[in-house]
Amino acid sequence: MKTEEHIRLGESHSAHNYHPLPVVISAAEGAWVTDVEGRRYLDCLAGYSSLNFGHGNPAILAAAREQLDRLTLTSRAFYHDRFAAFVTGLAELCGKDMVLPMNTGAEAVETAVKVARKWGYEVKGVAPGQANIVVMEDNFHGRTTTIVGFSTDPESRDGFGPFAPGFRVVKYGSAEAVREAIDENTVAVLLEPIQGEAGVLVPPDGYLAAVREICTENNVLFVADEIQSGLGRTGDTFACDHERVVPDLYVLGKALGGGVVPVSAVVANADVMGVIGPGQHGSTFGGNPLACAVGEAVIGLLKTGEYQARARELGAFLHERLAGLGPGVVAVRGRGLWAGIDIDPAIGTGRQISEALMRRGVLVKDTHGSTIRLAPPLVVSRDDLEWALDQLSAVLREARA
Ligand SMILES: Cc1ncc(COP(=O)(O)O)c(C=O)c1O
């Protein structure tokens, strides 16, 4: 089937909850994908950072293949022989005691909300039903009803209520706003160390450390949603590392599944995670053998430090080049191999720039109308990255003309 036929059939038989670029991908390797017509594109989205280690990473694929032939699912009704190594490895990577494995990012965020509330009632002594959690403006934590209930994006939220109470929204980047929102019933502060979907918004220096201090002073859990920012993307294992901040709960997903299967997790110390007992939380697929095998391979790659170093080095080059893009670009933000670029609406929308890049063989995705995001797999070569940036320069030049 040709591109147009794939799109026509797909659109007429699926919900219209996405507006994809008109490209139909059929194969991929490393940082490159190939479409059904045989055209190649440099993938500068990387599955919203799920493909940090590249398409078809040999170590991840080998672990998955070996596991597929042996054992894929047991449910948590029984133990399996991949579980211990995965949870031990992930706990160690995070410097924590315990892991609660789930599948998608939204499930992991929901899990963190549940753990924080239960900790609030059982350890902090909050009165039953009174727990509140401080969250940020412009957050993106997923699509479940609880989560969209505390979104400030009308598109994510409108039409899906009624919503769960117990969340207080404050301005992102203001530690003072966090301090003011906390009261005796606050159990957690939930934030993205860098807000990805909002357009790669980097908070002011010192913000994460200040929030950490405020949480400690007030006996409130610091919950870091590192689903998109974590696992190498910013040049460190976690975006919180940049300020040497250790949250009470890490919320992980996306790249933890190596671009192969959905794997997410909440990681915390026993004094927090210990509040969850048998029957109180779970998932049929969470922590399955295939997920654990893939997750273990991902942890192995991160332990080498090689991917974090690549993100740091290529990221420095990326941001140097982006700073020189010139007219047509209103702002550039980011850290490591991750950037949000605000396009001057006078020269085009983010969508138009993304489509023009696609025609030149570079895949990116727009967000919030005028922003495009760059997040190539961390395995991208410097030459390929440079070529993609040349295409971006050319697209902006054409748009300005
Ligand atoms: C920071 C953050 N949290 C949570 C999620 C939700 O993850 P999932 O789509 O796997 O549910 C995302 C997805 O983009 C995200 O970026």
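Throughout this document, residue positions are counted from 1 along each chain, in the order its sequence is written. A pLDDT threshold of at least 70 governs which residues receive local features in this predicted model, and a stricter bar of 80 or more applies before side-chain atom pairs are shown or counted, although totals over entire chains, interfaces and linings include all residues. To obtain the side-chain values, all non-hydrogen atoms of the structure were included, while hydrogens and water were left out.

Draft legend 1. Highlighting the nonpolar core. For the purposes of this section, nonpolar cores are sets of buried Ala, Val, Leu, Ile, Met, Phe, Trp, Tyr and Cys residues that join through side-chain atoms within 4.5 Å. Per-residue accessibility, obtained with a 1.4 Å probe over protein chains only, is compared with the maximum for each type, and a residue is labelled buried under 20%, exposed over 50%, and partly exposed between these values. Grouped together as the largest cluster of nonpolar side chains are 62 residues, with contacts concentrated most on Leu 90, Leu 252, Leu 322, Leu 374 and Leu 392. In this description a helix means any DSSP run of H or I spanning at least four residues, a strand means any run of E spanning at least two, and both kinds are numbered starting from the N terminus. At 9 residues, helix α11 (residues 289-303) tops the list of elements feeding residues into this core. Annotation comment: domain bounds sourced from an automatic or database domain assignment. Mapped onto the domain boundaries, this core takes at least three residues apiece from domain 1 (3-56 + 306-400) and domain 2 (58-303). For this analysis, residues touch if any pair of their heavy atoms sits within 4.5 Å. The contact partners of Leu 252, leaving out residues within four places of it in the chain, are Leu 90, Cys 94, Ala 108, Glu 226, Ile 227, Leu 231, Phe 238, Ser 264, Ala 265 and Val 267. Counting 30 residues, the second-largest nonpolar core is a separate cluster that includes Val 126, Ala 131, Ile 147 and Leu 249.

Draft legend 2. Main features of the site of the ligand. The cutoff for a nearby residue is simple: one of its non-hydrogen atoms must lie within 4 Å of the molecule or strand. Around the ligand, the structure places Thr 104, Gly 105, Ala 106, Phe 140, His 141, Gly 142, Glu 192, Glu 197, Asp 225, Ile 227, Gln 228 and Lys 254. At a separation of 2.8 Å, an oxygen atom of the ligand approaches a polar backbone atom of Ala 106. In the analysis that follows, any N or O atom pair within 3.5 Å is treated as a polar contact, provided that within protein one partner can donate a hydrogen and the other can accept it, and provided that, for residues neighboring in sequence, both atoms belong to side chains. Interatomic distance of 2.8 Å between a side-chain N/O atom of Lys 254 and an oxygen atom of the ligand. Shrake-Rupley sampling with a 1.4 Å probe provides the accessible areas, and residues are treated as covered by the protein chains on show and by no other component. With the chains in place, 81% of the 390 Å² that the ligand exposes on its own is no longer accessible.

Draft legend 3. Structural context of the sheet that holds strand β14 (residues 365-367). One bridge is not enough; two strands pair if DSSP finds at least two bridges between them. Read from one edge to the other, the open sheet built from 4 strands follows the order β11-β12-β15-β14, with strand pairing classed as antiparallel. Looking at strand neighbours, the two that pair on one side only are β11 (329-334) and β14, the edges of this open sheet. For this sheet, the mean angle separating the axes of adjacent strands, direction not counted, is 30°. Each axis is a line fitted through C-alpha atoms, and for a helix only the stretch in contact is used; angles between axes span 0 to 180 degrees, taken between their N-to-C directions. On top of the sheet, helix α14 (residues 382-400) reaches β11, β12 (339-343) and β15 (371-374); it is set at about 165° to β15, its chief contact.

Draft legend 4. Structural context of the packing of helix α3 (residues 58-68) against α11. Interhelical geometry of α3 versus α11 gives an angle of 155° and a closest axis separation of 9 Å. With respect to α11, the axis of α3 lies roughly antiparallel. In this structure, the crossing between α3 and α11 has a hand that is right-handed. In this structure, α3 uses Ala 59, Ile 60, Ala 63, Ala 64, Gln 67 and Leu 68 to contact α11, whose residues at the interface are Pro 289, Leu 290, Ala 293, Val 294, Ala 297, Val 298 and Leu 301. Reported orientations rely on four angle classes, namely roughly parallel under 35 degrees, roughly antiparallel over 145, roughly perpendicular from 65 to 115, and oblique for the rest. Crossings are assigned a handedness: left-handed for a near helix turned anticlockwise from the far helix by less than a right angle, right-handed for a clockwise turn.

Draft legend 5. Seen up close, the side chain of His 80. Relative to the helices and strands, His 80 resides in the loop between α3 and α4 (83-94). A distance of 2.7 Å separates a polar side-chain atom of His 80 from the backbone oxygen of Gly 287. Not counting residues within four places of it along the chain, the set of residues in contact with His 80 comprises Leu 71, Thr 74, Gly 287, Asn 288, Pro 289 and Cys 292.

Draft legend 6. How the structure looks around the packing of aromatic side chains. Pairing of aromatic rings covers Phe, Tyr and Trp, the last counted by its six-membered ring, and requires centre-to-centre distances within 6.5 Å; plane angles under 30 degrees mean stacked, over 60 mean edge-to-face, and any other angle means tilted. A complete count under the given rule lists 5 aromatic pairs for this structure. Measuring from centroid to centroid gives 4.3 Å for Phe 150 and Phe 167, while their planes differ by 35°, and the two rings are tilted. On the criterion of sequence distance, the pair formed by Phe 150 in the loop between α6 (145-149) and α7 (154-157) and Phe 167 in strand β6 (residues 167-170) is long-range, its members being 17 residues apart. One exposure class covers both Phe 150 and Phe 167, and it is buried. Here the guanidinium or amino end of Arg 40 rests over the ring plane of Trp 32, the centre of that ring lying 4.7 Å away. Geometrically, a lysine NZ or arginine CZ counts as sitting over a ring once it is within 6 Å of the ring centre and also within 35 degrees of the ring normal. Above the ring of Phe 317, the side-chain terminus of Arg 382 is found at 4.0 Å from the ring centroid.

Draft legend 7. Spatial organisation of α3. Burial in α3 covers these residues: Ile 60, Ala 63, Ala 64 and Gln 67. Buried residues of α3, viewed axially, fall in a sector of 95°; they line one side. Exposed side chains of α3 directed beyond 90 degrees from the buried face belong to Pro 58 and Arg 65. On the buried face of α3, the contacting elements are α11. Capping of α3 at its N-terminal end is provided by Asn 57; its side-chain oxygen lies 3.0 Å from the backbone amide nitrogen of Ala 59. Arc, as used here, means the arc of the directions from the helix axis to the C-beta atoms.

Draft legend 8. Quick look at the sheet that holds strand β3 (residues 40-43). Taken in spatial order, the 4 strands make up an open sheet running β1-β2-β3-β13, and their pairing is mixed. Every other strand in the sheet has two partners, leaving β1 (25-29) and β13 (362-363) as the edge strands with one partner each. Note: strand β2 (residues 32-35) against β3, 3 bridges, orientation antiparallel. By the bridge assignment, Val 33 is partnered in β3 with Tyr 41. Against the sheet, α14 contacts β2, β3 and β13, and its axis sits at roughly 100° relative to β3.

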